[in-house]
Amino acid sequence: NRSLGISQFGLSPGVSYYHKSGAYLDVSGYWSTEYDPNYYLTVLSGGYIGAVTPWWSFLGEYSRYLYSNLGDSVVISYKNSVGVSNFFDVKPFTFRLDYTLLFGEKTGHRILPGVMLNLEKRNWRKLDRILFYPSFNVLLGRENYYIIEEYPPIQAAIRERFGLPTTYEVEARGFGVMNYSFSAPLSVSVKNWNFLLSYTFNIPKALPREETFLSNSGFISASITKYLRLKK
């Protein structure tokens, strides 16, 4: 949710089916040099895309995360998510507001407000559409984590004398900003093909009293999509 690390490479093949009613199904796989085995995740998703008004559209989705055996050192806290995304068009901007409930071993809440600038050019040379849509997003969330507390001075001194730890671990829960992200995607459409190239820069933030080491990171992603129209 915050940092994707550095010097990593990954692939994500997938297939989706969209019905004219707005319902859709998606299966995606994830391969990365960060994990062993490299193919570490399959995501099954289903949802619905609809419009409330000409300027307000939404997407509701449930996802199930199927992880490979990553070993005892990797803790999988969330294996399910339910969320809704809202898009508000005020040309040339699109304002976004997402809410996601994550659950599994733990429960987490995520809120993602953002704004996107849409710069579009249609029917240019042999290209059907060129779209550049830089965006800025803020990830807010509620999370459980552990913090280190110290015993009172007198009690700590007695424990130290007997060779006992002078600190103890306490579970805490915090809510706040978890990440800022800037992205610059460029989308090119030609007939039933779409090509996307994007750069994203993340600025992760620790929650109040959360003891973690986070560093800024950026990554480049590219995708190729082929649309197949199924005849009745």
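Predicted model, so just to flag it, every value in this text is computed and none were measured.

Procedures and definitions
Residues numbered from 1 in each chain as written. Predicted model: local features only at pLDDT ≥ 70, side-chain atom pairs only at ≥ 80, totals over all residues. Heavy atoms only, no water. Helix = DSSP H or I, 4+ residues; strand = E, 2+ residues; numbered from the N terminus. Rg over C-alpha atoms; globule rule 2.2 N^0.38 Å. Buried < 20%, exposed > 50% of the residue type's maximum accessible area, 1.4 Å probe, protein only. Areas by Shrake-Rupley, 256 points an atom, 1.4 Å probe, with all protein chains shown as cover. Lys, Arg positive; Asp, Glu negative; His and termini not counted. Charge placed at Lys NZ, Arg CZ, Asp CG, Glu CD. Pairing = 2+ DSSP bridges. Polar contact = N/O pair within 3.5 Å; in protein donor to acceptor, adjacent residues only side chain to side chain. Contact = heavy atoms within 4.5 Å. Patch = residues over 30% accessible without salt bridge, like charges linked within 9 Å, V, L, I, M, F, W, Y side chains within 5 Å. Salt bridge = Lys/Arg side-chain N within 4 Å of Asp/Glu carboxyl O. Phe/Tyr/Trp six-rings, centres within 6.5 Å; stacked < 30°, edge-to-face > 60°.

1. Structural notes on the overall build of the protein chain
Turning to step 1, where the next piece is worked out: Regarding its fold elements, the protein chain presents one helix and 14 strands.
Turning to step 2, where the next piece is worked out: The C-alpha radius of gyration of the protein chain comes to 22 Å, more than 25% above the 17 Å expected for a compact globule of 232 residues.
Turning to step 3, where the next piece is worked out: By principal-axis analysis of the C-alpha atoms, the protein chain measures approximately 80 × 40 × 35 Å.
Turning to step 4, where the next piece is worked out: With 232 residues in all, the protein chain has 28% of them scored as buried.
Turning to step 5, where the next piece is worked out: Accessible surface, the protein chain: about 15,800 Å² in total, of which carbon and sulfur atoms supply 60%.
Turning to step 6, where the next piece is worked out: Charge-centre separation for the protein chain: the mean point of 24 positive side chains lies 15 Å from the mean point of 18 negative side chains.

2. Side note on the pairing of strand β12 (residues 167–190)
Turning to step 1, where the next piece is worked out: One ladder, built from four bridges, connects strand β10 (residues 127–132) with β12; its direction is antiparallel. Across the sheet, the residue bridging to Leu131 is Ser187, located in β12.
Turning to step 2, where the next piece is worked out: Where strand β11 (residues 135–150) lies against β12, 16 bridges are found, and the strand directions are antiparallel. Within β12, the residue paired with Leu140 across the bridge is Val177.
Turning to step 3, where the next piece is worked out: Of the strand pairs in this sheet, β12 and strand β13 (residues 193–204) are connected by twelve bridges, and their pairing is antiparallel. The residue bridging Tyr180 from the neighbouring strand is Ile203, located in β13.
Turning to step 4, where the next piece is worked out: Where β12 folds back on β13, the antiparallel hairpin that results is connected by two residues, among which Lys191 adopts a positive phi of roughly 55 degrees.

3. As for the side chain of Ser189
Turning to step 1, where the next piece is worked out: Checked against the element boundaries, Ser189 lands in strand β12.
Turning to step 2, where the next piece is worked out: Of the polar contacts made by the side chain of Ser189, one reaches the side chain of Asn194; its length is 3.0 Å.
Turning to step 3, where the next piece is worked out: For Ser189, the residues in contact, after removing those within four places along its chain, are Leu127, Asp128, Arg129 and Asn194.

4. Overview of a nonpolar patch on the surface
Turning to step 1, where the next piece is worked out: Together, Val84, Leu97, Tyr99, Ile111 and Phe175 make up an exposed nonpolar region whose accessible area comes to about 390 Å².
Turning to step 2, where the next piece is worked out: Here Val84 lies in strand β6 (residues 78–90).

5. A short note on the pattern of salt bridges
Pairing between side chains of opposite charge can happen when the charged atoms of each approach one another.
Turning to step 1, where the next piece is worked out: Scanning the entire structure with this criterion turns up six salt bridges.
Turning to step 2, where the next piece is worked out: Arg122 is the salt-bridge partner of Glu120, the closest N and O atoms lying 3.2 Å from each other.
Turning to step 3, where the next piece is worked out: Judged by its relative accessible area of 41%, Glu120 falls in the partly exposed class.
Turning to step 4, where the next piece is worked out: We note a salt bridge from Glu120 to Arg129, for which the minimum N-O separation is 2.5 Å.
Turning to step 5, where the next piece is worked out: Salt bridges linked by common partners bring Lys106, Arg110 and Glu143 together as one network.

6. Description of unusual backbone geometry
Turning to step 1, where the next piece is worked out: Here the residue pair Lys91 and Pro92 is connected by a cis peptide bond, since its omega of 5 degrees sits within 30 degrees of zero.
Turning to step 2, where the next piece is worked out: Residues other than glycine seldom take positive phi values, yet Asn123 does so here, at roughly 50 degrees.
Turning to step 3, where the next piece is worked out: Positive phi is not limited to glycine here, since Arg125 has a value of about 55 degrees.
Turning to step 4, where the next piece is worked out: Structurally, Arg125 can be placed in the loop between β9 (119–124) and β10.

7. Here's the deal with the packing of aromatic side chains
Turning to step 1, where the next piece is worked out: Scanning all chains against the criterion turns up ten aromatic pairs.
Turning to step 2, where the next piece is worked out: Summarising the aromatic geometry, the rings of Trp193 and Phe195 are spaced 6.3 Å apart at their centres and angled 15 degrees between planes, so their arrangement reads as stacked.
Turning to step 3, where the next piece is worked out: Judged by its relative accessible area of 38%, Trp193 falls in the partly exposed class.
Turning to step 4, where the next piece is worked out: These aromatic residues form a ring-pair network of at least three members: Trp55, Trp56 and Phe88.

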